[in-house]
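# Commentary on secondary and tertiary structure
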Amino acid sequence: MIRVFLALLLFVGSLASAQDVVHLKTGESAACTITAITDNIVTYTLPRVPGAPQGSAKRTLQMDQVAYVQFGFQPGEESVFAGREKLDAGTLEKWWDFYFANLHRPRSRTAAYGVALGNALLREEAARSHQRALSLFDRIIDRAWADVDVDAARQGRLRALIAVGDLDTAVREAAALATRTEDPELLIEVKFLLAEADFEKLKKQQEDHPRWEEDDEVRPGRNALFHRIVDQYLWPHLFHATREDAASRGLLAAGIVYEFVEEPARARACYVDLSELYPETESAGTAAKRLASLLQTTEPSQETETP
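My aim in this report is to walk through the structure given alongside it, one point at a time. Everything quoted here is computed from the prediction, not taken from an experiment. (Residues numbered from 1 in each chain as written. Predicted model: local features only at pLDDT ≥ 70, side-chain atom pairs only at ≥ 80, totals over all residues. Heavy atoms only, no water.)

### A word on the sheet that holds strand E4 (residues 58-62)
Strands sit in the order E4-E3-E2-E1-E5 across an open sheet of 5 strands; the sheet is antiparallel. Edge positions in the open sheet fall to E4 and strand E5 (66-70), since each of these has one partner strand only. This sheet shows a mean twist of 45° between the axes of neighbouring strands, independent of strand direction. The pairing of strand E2 (residues 29-37) with strand E3 (residues 41-45) spans 4 bridges and is antiparallel. Looking across to E3, one finds that isoleucine 34 is bridged to tyrosine 44. (Pairing = 2+ DSSP bridges. Helix = DSSP H or I, 4+ residues; strand = E, 2+ residues; numbered from the N terminus. Axes fitted to C-alpha atoms, helices over the stretch in contact; angles between N-to-C directions.)

So, in structure tokens, the structure goes:
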């Protein structure tokens, strides 16, 4: 009887009309419509097989027999999922809520929606949105199944910590994460976020100590922080130049740092390099505008160097 049932699953799994797929640990799969799922059971209905006897198409399996379930896209969802990183929080919230109960399930799309929602919340100006994004990323880190989703949520958590002003925690966690990974893409993102947090600290430090150049206690730490920021921003350009988006983003950020510390010559050099080496990137347009502004407002004799 079990052999016949599995054969039916395999046959029905070849039908394209059903939107979900249940994958068994035996290797068989069934195309179906999932009607209920818990940590113990999954209930689904099978499409009608032409010529088969009439009868209930509803089935229930124990989850210990299931390797994973693959949820089909809802009507109109596929394009939403593909463009999720550009959507607003209100749109993403609906899909996060719809799939929320499946956050911990293998191959679920829930975490991907959650990361996109967190990023959308960080694009908003309200402090409560940033705090909610932090909580959201923490939940994904705690419950998501896939390492790639956890890594994305960890990066989101770092951005959220910066947004809520917890720079010390952001720097500490980013530095720790950088020592635990050899993945170039993840390391590039972590170093960028670490530089972002450090840059915020530099701004605050110079605000608190406007005469830092004359303060023997403040100056060494300030200079070390400044050089660390630039090194981290320029790291992908120096060591992963073929990753054009990351390299150009870092060059642009380094130029902005140089502008902040009133070193326009070095800022211009970053913008020129970016424009010449990575002309097709999104950062190139911004660099061109900043370069034009610098050329209009500075003269070589006005430039100063920071030690």
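The structure having been displayed, the exposition proceeds.
### Concerning the side chain of threonine 43
As for its placement among the helices and strands, threonine 43 is situated in strand E3. Within the structure, the side chain of threonine 43 is placed 3.1 Å from the side chain of threonine 60, a separation counted as a polar contact. Apart from the residues within four sequence positions on either side, threonine 43 is in contact with Thr33, Ile34, Thr35, Ala36, Lys58, Arg59 and Thr60. (Polar contact = N/O pair within 3.5 Å; in protein donor to acceptor, adjacent residues only side chain to side chain. Contact = heavy atoms within 4.5 Å.)

### Digging into the pairing of E3
Remark: 3 residues form the turn of the hairpin made by E2 and E3, two consecutive strands paired antiparallel. With 5 bridges connecting them, E3 and E4 associate as antiparallel partners. Across the sheet, the residue bridging to valine 42 is leucine 61, located in E4.

### Quick look at helix H8 (residues 184-208)
Here H8 is 25 residues long and its end C-alpha atoms lie 36 Å apart, about the 36 Å a rise of 1.5 Å per residue gives. The N-cap of H8, judged by a side-chain oxygen 3.1 Å from the amide nitrogen of glutamate 185 a few residues on, is aspartate 183. (Expected span 1.5 Å × (residues − 1).)

### Quick notes on unusual backbone geometry
A positive phi angle is found at arginine 107, which is not glycine, with a value near 65°. The topology assignment puts arginine 107 in the loop between helix H3 (89-99) and helix H4 (110-123). Of note in this structure, glutamate 262 is not a glycine but carries a positive phi near 65°. Of note, glutamate 262 is situated in the loop between helix H10 (244-260) and helix H11 (264-277). A residue is classified by how much of its surface remains accessible, and glutamate 262, at 56% relative accessible area, is exposed. (Buried < 20%, exposed > 50% of the residue type's maximum accessible area, 1.4 Å probe, protein only.)

### Structural notes on the pattern of salt bridges
It is possible for side chains of opposite charge to pair when their charged atoms get near one another. The final tally for this structure, using the stated rule, is 15 salt bridges. A salt bridge links aspartate 39 to arginine 105; its shortest N-O distance comes to 3.2 Å. In this pair, aspartate 39 sits in the loop between E2 and E3 while arginine 105 sits in the loop between H3 and H4, placing the two residues 66 residues apart along the sequence. The partner of arginine 109 in a salt bridge is glutamate 77, with the nearest N and O atoms 3.3 Å apart. Remark: glutamate 77 occurs in helix H2 (residues 77-82) and arginine 109 occurs in the loop between H3 and H4; sequence separation between them is 32 residues. There is no split in this pair, since arginine 109 and glutamate 77 are both buried. Several salt bridges share partner residues, and in doing so they unite Asp138, Arg157 and Glu173 into one network. (Salt bridge = Lys/Arg side-chain N within 4 Å of Asp/Glu carboxyl O.)

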